[in-house]
Amino acid sequence: MSAPRDLGAFLGLLARERELVTVEAEVDPELELAEIHRRVIAAGGPALLFKRVKGCDFPLATNLFGTQRRIERAFGPEPQRLLAEVAKLPQVLVPPTLGKLWKKRELFLRLARVGAKERAGGAVTEVVEAPRLTRLPAIRTWKRDGGRFFTLPLVATRHPETLVPNLGMYRIQVYDDATTGLHMQIGKGGGFHLAAAEALDRPLPVVIHLGGPPALTLAAIAPLPENVPETLVASLVLGERLGLARNRHNELPLFAEAEVALVGEVLPRERRPEGPFGDHYGYYSERHDYPVFRCQAVYRRRAPVIPATVVGKPRQEDFFLGDYLQELLSPLFPLAMPSVRDLWSYGETGYHSLAAAVVHERYKREAMASAFRILGEGQLSLTKFLLAVDRPLELRDFKSVLTHVLARADFRTDLYLFANLSMDSLDYAGPRINEGGKGVLLGLGEPIRELPREFTGAPRAPVKTVKVFSPGCLVLDGPAFADEASERRTAAAIAADPAFAHWPLLVLSDDAARAARSAINFLWTTFTRFDPGRDLHAQKIELVHAHASFTPPLVIDARKKPGYPEELFCDPDTARLVERRWKEYFPAGGVEMGDSEHGHLSP
């Protein structure tokens, strides 16, 4: 089965397979629509097509990628098979012979179809009109959101000098009929293009596409090297050249099969407050200054459907996309980084907060060369904490990975912390936005300790609750965080408590029972709430030849700190409205109303 060529084809496929439910009742894009989506995805339910979005001219589709089955329908099996075969080429073709090349002729023919083809027009150019962005179905998803947003935008730019294209996904806040916020972070491809344009004192042409082949959505979030066009990934997934169409308002091509294209520009150094926005970390990202997009024209199909998603605490729709993307690209990691045998980023932490890698350790500390390679590679450079092992492991099984590492790590020499670095803009655990620390913990060779599995000690104050998360790891709760001085005193007292002497890792949490209840809970509550440069403590920390040497237990302070954004919860009025109207949305029944308050966290 090939990947759908546009959104309409994908919706038709889902409808035929009973994976799409149409909502005929009028629904408000302010909060109501998002809560319906959250209730449905929490129950593993279908994609949704909202035909009547209040105050808007066109339908809106959500939850398109919210199950493994729909991911498979969106992209088909061929991309994974193809990339796995490409990854083997260096082994298979070296040394090259005519016979070896002939055996791979079908692969080379397929790769020859990867790219783009430009033509005068396409479905997206059926209508060209002045912008009326407030009539498009953008959605407000959480109570404190600063307005309505396009949440699945495909933002196309070009470097003003090299003309290398970039396709990114940066949320779009609608300000009025012709201007939006553009959450284009400096560490992303579009941000690099904007910085280059501003250095030349030029506007940056931008096209914001809404809808199109699902392959474009995947390509826009792919963590590719900076100068590798994302459209190559889209074309590979599609199995054909990507159709482009010309536009009359700037030099950027349009994706011919998109539903809508907003054509415009960002003026040099123009900024405006954007947000707040309930983000995929499970908290609000707060109000900050971001670039302003000025729309000059809207290109669209005659009857477009606008796609959207809703993010929040894990697991949401983005989780399924992110995991599929990792599986798709994993065969290529050893090609780009030969010493890295396997790599996995944990979606439960927002992806950037924690990753684990299987690396080579052919000589002492080769693992750190691999770690630096990962932390210097494109979007992987935003990784906050990295666990590195040298034995094949199922990296998705976080408890097993953590157990493996804790049995082997010598915290005196195997823990590396780096403060005062850049951090993902959405991670508020650091001292300031875009700033924070990173950490690497090695778990190499044979075990050096037997890990305890049951806690029988009698801890002293200030610990109130003790829960075992995994062998060697306890989750504790005590007093709420007050300030850094009290944090150090609390952590020091805990680390020095004889009751914890044989436990290498202690996590100080606001709610130990909640954090230890499942791997999802532990990952989310721990790694989204601590800064390795400030919140790691131990029984003793010494400076040994300029290296910070830790004597366990190690204490991670994962309590929420003052100024940390609010956790995302649906407001009670919207929750009651959706519960009351559920049968109006789904009069035929068959759509379960899940628990959106917790997402897929264990309550």
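Preceding block: the structure.
Residues numbered from 1 in each chain as written. Predicted model: local features only at pLDDT ≥ 70, side-chain atom pairs only at ≥ 80, totals over all residues. Heavy atoms only, no water.

## Brief notes about helix H9 (residues 230-238)
For step 1, the next point in the chain: In terms of burial, H9 is a largely internal element, seven of the nine residues being buried.
For step 2, the next point in the chain: Along H9, the residues classified as buried are Glu-230, Val-233, Ala-234, Ser-235, Leu-236, Val-237 and Leu-238.
For step 3, the next point in the chain: Looking one or two residues past H9, Gly-239 carries a phi angle of roughly 80 degrees, positive in sign. (Buried < 20%, exposed > 50% of the residue type's maximum accessible area, 1.4 Å probe, protein only. Helix = DSSP H or I, 4+ residues; strand = E, 2+ residues; numbered from the N terminus.)

## Examining the pairing of strand S25 (residues 473-477)
For step 1, the next point in the chain: Along S25, five of the five residues are buried, which leaves the element largely enclosed by surrounding structure.
For step 2, the next point in the chain: Burial along S25 is two-sided: Cys-473, Val-475 and Asp-477 and Leu-474 and Leu-476, pointing in opposite directions, are all buried.
For step 3, the next point in the chain: Between strand S24 (residues 465-470) and S25, which follow one another and run antiparallel, lie two residues, and Gly-472 among them has a positive phi close to 85 degrees.
For step 4, the next point in the chain: For the handedness criterion, the β-α-β arrangement of S25, helix H14 (residues 484-496) and strand S26 (residues 505-509) is classed as right-handed. (Pairing = 2+ DSSP bridges. Right-handed = clockwise from strand over helix to strand, strands pointing away.)

## A word on the packing of helix H2 (residues 32-42) against helix H17 (residues 572-585)
Between two packed helices, what matters for the description is the angle formed by their axes and the separation of those axes.
For step 1, the next point in the chain: Put simply, H2 and H17 touch, their axes get as near as 10 Å, and they point 75 degrees apart. By the criterion of interaxial angle, the relationship of H2 to H17 is roughly perpendicular. Every residue of H17 that contacts H2 at Glu-32, Glu-35, Ile-36, Arg-39 and Val-40 is listed here: Thr-574, Ala-575, Leu-577, Val-578, Glu-579, Arg-581, Trp-582 and Tyr-585. (Axes fitted to C-alpha atoms, helices over the stretch in contact; angles between N-to-C directions. Parallel < 35°, antiparallel > 145°, perpendicular 65-115°, else oblique. Contact = heavy atoms within 4.5 Å.)

## Comments concerning the environment of Phe-255
For step 1, the next point in the chain: Note on placement: Phe-255 falls in strand S13 (residues 254-255).
For step 2, the next point in the chain: On the basis of relative accessibility, which here comes to 6%, the residue Phe-255 falls in the buried class.
For step 3, the next point in the chain: Once residues within four sequence positions are removed from consideration, Phe-255 is found in contact with Val-124, Leu-167, His-209, Leu-216, Thr-231, Leu-242, Gly-243 and Leu-244.

## Notes on the pattern of salt bridges
For step 1, the next point in the chain: The final tally for this structure, using the stated rule, is 48 salt bridges.
For step 2, the next point in the chain: Ionic pairing is found between Glu-257 and Arg-301, a salt bridge with its closest N-O pair at 3.1 Å. Here Arg-301 lies in the loop between strand S17 (288-300) and strand S18 (306-307) and Glu-257 lies in the loop between S13 and strand S14 (260-274), a separation of 44 residues in the sequence. Assigned by exposure class, Glu-257 and Arg-301 land together as buried.
For step 3, the next point in the chain: A salt bridge links Asp-410 to Arg-412; the shortest N-O distance between them is 2.8 Å.
For step 4, the next point in the chain: Linked by salt bridges that have partners in common, Asp-6, Arg-119, Glu-257, Glu-259 and Arg-301 make up one network. (Salt bridge = Lys/Arg side-chain N within 4 Å of Asp/Glu carboxyl O.)

## Re unusual backbone geometry
For step 1, the next point in the chain: With an omega of -5 degrees, the peptide bond between Gly-275 and Pro-276 qualifies as cis.
For step 2, the next point in the chain: Among the structural elements, Pro-276 can be located in the loop between S14 and strand S15 (277-278).
For step 3, the next point in the chain: You will see that Tyr-351, though not glycine, has its phi angle at about 75 degrees, which is positive.
For step 4, the next point in the chain: You can see Tyr-351 is positioned in the loop between strand S19 (340-345) and strand S20 (354-359).
For step 5, the next point in the chain: Of note, the phi angle at Asn-420 is positive, near 60 degrees, even though the residue is not glycine.
For step 6, the next point in the chain: For Asn-420, the position within the fold is in strand S22 (residues 415-422).

## Some thoughts on empty space enclosed by the protein
For step 1, the next point in the chain: Under the counting rule described, the total for this entry stands at five cavities of 30 Å³ or more.
For step 2, the next point in the chain: Those elements that provide at least two residues to the lining of the largest cavity are strand S21 (385-389), helix H13 (398-408), S26, helix H16 (519-527) and strand S28 (547-557).
For step 3, the next point in the chain: Residue contributions to the lining of the largest cavity peak at three residues, all from H13.
For step 4, the next point in the chain: For the lining of the largest cavity, the per-class residue count stands at 14 nonpolar, no polar and no charged. (1 Å grid on protein atoms, 1.4 Å probe; cavity = no way out; pocket = protein on both sides within 12 Å on 5 of 7 lines; lining within 4 Å. Points joined across faces, edges and corners; volume = space filled by probe spheres on them. Nonpolar A, V, L, I, M, F, W, Y, C, P; charged D, E, K, R; others polar.)

## Description of the packing of aromatic side chains
For step 1, the next point in the chain: Overall, the coordinates contain 22 aromatic pairs when judged by the stated rule.
For step 2, the next point in the chain: Seen from their ring centres, Phe-75 and Tyr-324 are 5.1 Å apart, and the 15 degrees between their planes marks the pair as stacked. Of the two residues, Phe-75 is situated in helix H3 (residues 68-75) and Tyr-324 in helix H10 (residues 317-329); the sequence distance between them amounts to 249 residues.
For step 3, the next point in the chain: The class of Phe-75 is buried, set by a relative accessible area of 1%. (Phe/Tyr/Trp six-rings, centres within 6.5 Å; stacked < 30°, edge-to-face > 60°.)

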